[in-house]
Structure formats: structure tokens, C-alpha cells
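Reading the structure
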Amino acid sequence: MTKVQTSFEESVARIQDGATLIVGGFGLCGIPEKAIQALAEKGTKNLTVVSNNCGVNDWGLGLLLENKQINKMVASYVGENKIFEEQYLNGELEVELVPQGTLAERIRAGGAGIPGFYTPTGVGTPIAEGKEHKVIGGRQCILEEAIQGDAALVKAWKGDAYGNLIYRKTARNFNPLAAAAGKFTIAEVEELVDVGELDPDFIHTPSLYVQHLLVGTSYEKRIERKTVQQA
Amino acid sequence: MSSQRENIIQRAVKEVEDGTIVNLGIGMPTMIANYIPADKDIFLHSENGLLGIGPYPEEEDVDADLINAGKETVTVKQGGSFFDNAESFAMIRGGHIDLAILGGMEVSGQGDLANWMIPGKMVKGMGGAMDIVQGAKKVVIIMTHTNKEGESKIRTECALPLTGEKVVSRLITDMAVFDFTPSGMVLKEVLNGADVKTVEQYTEASFTIDEALIDREGKQ
């Protein structure tokens with residue numbers, strides 16, 4: 001039951017206009033750069049995109065913004081992108097800002113079949129407005145609802161034909177959460193290995209979360225802030 | 001770096017105790033890492049999914065897959081670990097982080113914190129700050145005592161939208177150290193040549209003065 005596909009173009013064609021799309025990555029680290037590029041070329045419209053950040057002007061999710069493919073963005077931090085600012089200020093783009101831990105947990109809950117959860121995060125702030133409040137264990141909490149995606153785009157380091165994935169270093173970030181919360185998950189990997197080569201003890205995303213698996217080539221892996229030791 | 005910021009960092013690094021798990025916010029708090037004495041066994045937590053941030057890499061070791069929450073390239077210290085974002089915030093909300101040091105825009109006399117948005121300006125987002133202030137065992141805020149106009153950033157009530165209510169344990173500025181207790185804000189230390197009178201002049205929120213500080217100041 002191989003999930004290996006050869007065309008990013010055909011895989012992203014499964015994503016409909018108006019879909020909710022969960023995308024892995026933190027800043028530009030661990031983003032599914034090949035699938036995003038294919039989606040930008042395809043031009044799928046009216047997307048709701050759930051991702052911690054929204055890329056930069058000319059890379060990552062910024063490419064979808066530039067094409068005006070995103071109607072609504074759900075993110076925790078969007079400070080790196082000028083096009084985002086423009087589209088938000090002139091009303092073209094709807095934005096829902098979610099605290100990072102709440103965003104991660106809402107996606108996790110979506111993949112885990114938990115409709116919602118209570119958290120103290122955001123109590124007393126604009127985030128809590130209009131949300132159900134409840135005191136649990138003496139602590140004021142708010143109700144946050146799970147997020148599921150019609151599709152998810154994730155990037156892993158290695159994968160096998162069944163769709164088992166392992167990630168590398170901090171490029172893991174939101175990827176395993178997105179993989180589980182997408183009804184149709186497209187995973188791209190740097191290296192496709194033989195089934196049996198990945199040690200079952202060290203698989204981060206078990207195969208059943210992945211529907212399509214593609215191998216990307218010549219990853220750019222752009223760095224937002226290169227910092228090195230002072231000589 | 002201005003001497004004001006340098007002074008704040010020098011004082012803040014004293015909050016970092018041996019054998020603890022510490023989360024440093026983006027900006028000035030990140031710089032504290034450079035001042036932690038090498039003999040202290042500290043694990044720095046980065047909310048994007050790293051426990052055990054090491055120093056910045058040498059040029060040849062730069063790795064796009066290894067960054068901190070400020071999206072800077074870093075290294076991982078021996079004994080460090082990687083995990084996903086849900087796990088990272090489970091650590092935070094679950095009370096497994098001993099100390100968080102974050103920057104602030106305003107702090108109120110009740111320990112409310114505002115550090116994520118200025119109405120009328122483009123809102124960039126709160127990142128992980130709202131989760132961290134609710135989850136860390138101790139929240140230390142570092143900021144300059146006054147804004148560019150010389151007005152107090154320590155307010156009776158925060159004017160800016162909050163990041164969290166009654167979440168600050170300790171506030172360190174270029175002039176003073178305050179603790180937040182059930183009975184209100186307490187001045188614990190005066191710093192860098194300031195005296196109690198100057199601190200009172202530049203602090204809008206009301207506070208009491210710690211007994212030990214009264215004794216010390218009285219002797220001068």
C-alpha cells in the first residue's frame with residue numbers, strides 16, 4: 001500500500017478552493033516548501049490557512065499571500081511579512097491570532113478527536129472575548145476548540161512508502177500535529193528510505209496519518225536570522 | 001548595547017539558578033544567555049521545540065533545521081532534546097519550566113503584563129507569551145522603567161491590551177526590582193545609583209518598600 005506519489009502538482013490538485021489547510025513549519029524552518037510552491041502554481045483560491053507563521057514576502061506561505069490565495073490566516077505570529085500587513089490593513093485578509101501553545105493544542109486536539117479543551121492561556125486578554133469561561137481547580141479558564149484541516153501539508157526528513165515519518169531537529173515543530181489533523185495529509189521528505197529501514201522506536205509520525213508522500217529535491221531551507229559565534 | 005539595557009541584563013542573570021529549566025523571551029531576554037556563568041548547569045527551553053539551547057554555531061555548523069524561538073540559528077547542548085510544539089507547550093502549561101524571563105511594554109501594580117500589541121499599530125501576534133506567563137513557575141519581566149517620553153511603564157492599570165492578568169512574579173528595570181505579592185507590589189532593590197525617591201517619582205503604580213531595603217537605605 002504505497003503512498004508514494006511523483007507529482008506535487010497532482011497531489012495539491014486534491015485541495016479544493018475554500019479548503020482549510022494546516023501547514024507545518026516554524027518561521028521558515030521545516031516548511032513544506034515544494035507543496036507550497038506547487039499550490040502557488042496551481043492557484044487554489046479562498047484558502048483558510050492554519051500555520052504558526054505566514055512565511056516571508058517571497059518564500060513559504062508568503063507565495064500564497066502574494067497570489068491572494070488566502071482568505072483567512074490562523075497564526076500566532078505574523079510579524080515577518082509586509083504583504084500580510086498590506087492585505088490585512090486593506091481588509092482583503094481575515095486574521096485570527098491564537099497564542100502559540102493554544103494553536104498547537106487546538107491542532108493536536110483536532111488530530112486526536114478532542115472537540116475542545118479549557119486553558120488559562122489568554123484569560124483577561126482580548127483572546128478571551130466571547131469565549132466560554134469556566135473555573136477549574138480554582139483557576140479561570142477559557143474554552144478553545146479543536147482545529148481540523150481538509151488537508152495538511154507537512155515536511156519531514158525521512159519517510160518510507162507507507163508514510164512513516166521522522167523529522168530533523170527543530171524542523172519537527174508543528175509538522176507532526178498538522179499531519180494528524182489533516183483529513184488528507186501530503187507529506188514531503190528529503191529522503192525516501194526502504195520500508196523497514198526506519199526503526200519503529202524512533203518514528204515520529206506513524207504511517208496512518210499520511211495519505212500522499214513525495215520526495216522533494218534541492219531544498220532551499222532558507223534561514224531567517226543567521227546568527228554565528230562572534231570571532 | 002546601551003548601558004541601560006546592559007544593566008538590566010546584568011541584574012536579570014542573577015535570577016537564573018543552578019539546575020533549573022529556563023525560557024528566555026525574544027529580544028533583550030535572549031541576550032541573558034551570554035551572561036550565564038559556565039559553571040551553572042542550566043537547560044534553556046525554546047518553545048519551537050528544543051530543550052538545551054547551546055551557543056550560536058560556528059559559521060560551518062550553521063543548520064537551517066536548528067533554530068530558536070526568535071528564528072536564530074543555534075546549537076543544541078549535550079543532553080538536549082527536540083520535540084513538537086504541542087509537547088513544548090505541554091512542558092510550559094504543565095508547570096515544568098522553572099523560570100521565564102520576558103520583555104514588557106507595561107506592568108501594572110497587580111502584576112498584570114502587557115507586551116504584545118499597541119492598538120492602532122500593525123498587530124504581529126502574541127507568539128507563545130500568553131501561554132508562558134500562565135504556565136511558568138516564576139515569571140520575571142525585564143524592561144526599561146520609563147518610555148522614550150520619560151513616562152512610567154509601571155502603571156496603576158495597564159493601558160495596553162493584556163498578555164496576562166496577575167502573572168508577573170518579579171519586575172526588573174534599570175532602576176529597581178519589584179516583587180508582586182498578594183498584598184501588592186513591593187520595592188525590593190534600587191539599582192544603578194537610583195534611590196527610593198527617584199523610583200517613586202518614575203513609578204505610577206503605588207508600592208510598599210521592603211523592610212530589608214529600608215534598613216539598607218537607612219544606613220546610607
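Residues numbered from 1 in each chain as written. Chains lettered and ligands numbered in written order. Predicted model: local features only at pLDDT ≥ 70, side-chain atom pairs only at ≥ 80, totals over all residues. Heavy atoms only, no water.

**Notes on the overall build of chain B**
Scanning chain B from terminus to terminus reveals six helices and 13 strands. On C-alpha atoms alone, chain B measures out to a radius of gyration of 18 Å, which is about the 17 Å that the 2.2 N^0.38 rule sets for 220 residues. In terms of principal-axis extent, the alpha carbons of chain B reach across some 55 × 40 × 30 Å. Looking at the 220 residues of chain B, the share that counts as buried comes to 57%. Just so you have it, chain B exposes about 9600 Å², and 48% of that area is on carbon and sulfur atoms. Counting 20 positive and 34 negative side-chain charges, chain B places the averaged centre of each group 5 Å from the other. (Helix = DSSP H or I, 4+ residues; strand = E, 2+ residues; numbered from the N terminus. Rg over C-alpha atoms; globule rule 2.2 N^0.38 Å. Buried < 20%, exposed > 50% of the residue type's maximum accessible area, 1.4 Å probe, protein only. Areas by Shrake-Rupley, 256 points an atom, 1.4 Å probe, with all protein chains shown as cover. Lys, Arg positive; Asp, Glu negative; His and termini not counted. Charge placed at Lys NZ, Arg CZ, Asp CG, Glu CD.)

**Here's the deal with the packing of aromatic side chains**
Residue and element names in this part refer to chain B. If you walk through the whole model with that rule in mind, you get one aromatic pair over all chains. Aromatic side chains Phe178 and Phe207 sit 5.2 Å apart centroid to centroid with 65° between the ring planes, which places their arrangement in the edge-to-face category. On the criterion of sequence distance, the pair formed by Phe178 in strand β11 (residues 176-181) and Phe207 in the loop between α5 (196-201) and β13 (208-209) is long-range, its members being 29 residues apart. Phe207 shares its class with Phe178; the two are buried. Sitting over the face of the ring of Phe43, Lys77 holds its NZ or CZ atom 4.3 Å from the ring centroid. (Phe/Tyr/Trp six-rings, centres within 6.5 Å; stacked < 30°, edge-to-face > 60°. Lys NZ or Arg CZ within 6 Å of the ring centre and 35° of its normal.)

**Side note on the sheet that holds strand β9 (residues 154-155) of chain B**
Hydrogen bonds between backbone groups are what pair the strands of a sheet, and the pairing can be parallel or antiparallel. Residues and elements named next belong to chain B. Strand order in this open sheet of three strands is β7-β6-β9, and the pairing throughout is mixed. Each end of this open sheet is capped by a strand with a single partner; those strands are β7 (113-114) and β9. Relative to β7, strand β6 (residues 106-108) runs antiparallel, the two being bridged by two bridges. In the sheet register, Glu106 faces β7, and the bridge partner there is Ala114. (Pairing = 2+ DSSP bridges.)

**As for the interface of chain B and chain A**
Between chain B and chain A, the residue contacts involve 44 residues of the former and 49 residues of the latter. Here chain B and chain A share an interface that buries about 4000 Å² over both sides, 59% of which is from carbon and sulfur atoms. For the chain B face of the interface with chain A, the top three residues by lost area are Asp65, Lys71 and Met122 of chain B, together amounting to 20%. Between the two partners, chain B and chain A, sit five salt bridges. Between Asp63 of chain B and Arg168 of chain A there is a salt bridge, with the nearest N and O atoms lying 2.7 Å from each other. Our count for the chain B to chain A interface comes out at 27 residue pairs in polar contact (both at pLDDT 80 or more). Secondary structure elements with two or more residues in the side of chain B that touches chain A: α3 (85-93) and α4 (129-135) of chain B. (Contact = heavy atoms within 4.5 Å. Buried area = accessible area lost by both parts, 1.4 Å probe. Salt bridge = Lys/Arg side-chain N within 4 Å of Asp/Glu carboxyl O. Polar contact = N/O pair within 3.5 Å; in protein donor to acceptor, adjacent residues only side chain to side chain.)

**Description of empty space enclosed by the protein**
The final tally for this structure, using the stated rule, is three cavities of 30 Å³ or more. As a volume, the largest cavity reaches approximately 70 Å³. For the lining of the largest cavity, a count of residues per class yields five nonpolar, one polar and five charged. (1 Å grid on protein atoms, 1.4 Å probe; cavity = no way out; pocket = protein on both sides within 12 Å on 5 of 7 lines; lining within 4 Å. Points joined across faces, edges and corners; volume = space filled by probe spheres on them. Nonpolar A, V, L, I, M, F, W, Y, C, P; charged D, E, K, R; others polar.)

**What about the nonpolar core?**
The biggest cluster of nonpolar side chains holds 44 residues, and the ones touching the most others in it are Ile15, Met73 and Leu153 of chain A. Counting only elements with at least two residues in this core, the list comes to α1 (8-12), β1 (20-23), α2 (33-42), β2 (47-50), α3 (62-66), β3 (70-75), α4 (82-89) and β8 (151-159) of chain A. Ranked by residue count, the leading element in this core is α2 of chain A, at five residues. Among the nonpolar cores identified, the runner-up in size contains 35 residues, and Ile21, Val167, Leu187 and Val199 of chain B belong to it. (Core = buried A, V, L, I, M, F, W, Y, C linked by side-chain atoms within 4.5 Å.)

**Things to note about the packing of helix α5 (residues 100-112) of chain A against α3 of chain B**
Packing of α5 of chain A against α3 of chain B brings their axes to within 9 Å, and their N-to-C directions diverge by 125°. In terms of their interaxial angle, α5 of chain A and α3 of chain B are classed as oblique. Every pair of crossing elements has a handedness; the one defined by α5 of chain A and α3 of chain B is left-handed. Residues Gln100, Gly101, Thr102, Ala104, Glu105 and Arg108 of chain A of α5 of chain A form the contact with α3 of chain B, whose own contacting residues are Asn85, Ala86, Phe89 and Arg93 of chain B. (Axes fitted to C-alpha atoms, helices over the stretch in contact; angles between N-to-C directions. Parallel < 35°, antiparallel > 145°, perpendicular 65-115°, else oblique. Left-handed = near helix turned anticlockwise from the far one by under 90°.)

**Overview of the confidence of the model for chain B**
Per-chain confidence: chain B averages 95 in pLDDT, with 98% of residues scoring 70 or above. Scoring of the predicted complex yields 0.97 for pTM and 0.97 for ipTM. (pLDDT = per-residue confidence, 0-100.)

**A word on unusual backbone geometry**
We note that Ser218 of chain A has phi near 40°; this positive angle belongs to a residue other than glycine. A residue is classified by how much of its surface remains accessible, and Ser218 of chain A, at 65% relative accessible area, is exposed.

**Some details on the sheet that holds strand β6 (residues 133-136) of chain A**
All names here are of chain A. In space, the three strands of this open sheet follow the order β5-β7-β6, with antiparallel pairing throughout. The two strands at the open ends of the sheet, each matched to only one other strand, are β5 (116-119) and β6. Ignoring strand direction, the axes of neighbouring strands in this sheet form an average angle of 40°. Across the sheet, α5 touches β5 and β7 (139-145), and the angle it forms with β5 is around 155°.

**Concerning the side chain of Glu72 of chain B**
Relative to the elements of secondary structure, Glu72 of chain B occurs in the loop between β3 (50-53) and β4 (76-82). Comment: no salt bridge for buried Glu72 of chain B; closest opposite-charge side chain is Arg225 of chain A, at 6.2 Å. Setting aside its immediate chain neighbours within four residues, Glu72 of chain B contacts Arg225 and Thr227 of chain A together with Thr30, Tyr56, Leu66 and Ile67 of chain B.

**Regarding the pairing of β2 of chain A**
Residues and elements named next belong to chain A. Burial along β2 is two-sided: Leu47 and Val49 facing one way and Thr48 and Val50 facing the other are all buried. Bridge count for β1 against β2 is three bridges, and the pairing is parallel. Looking at β2, one finds that Thr20 is bridged to Thr48. Where the polypeptide runs from β1 across α2 and back to β2, its parallel neighbour, the crossover connection is right-handed. In this structure, β2 lies alongside β3, joined through four bridges in parallel fashion. Bridge assignment links Thr48 to a residue of β3, and that residue is Lys72. (Right-handed = clockwise from strand over helix to strand, strands pointing away.)

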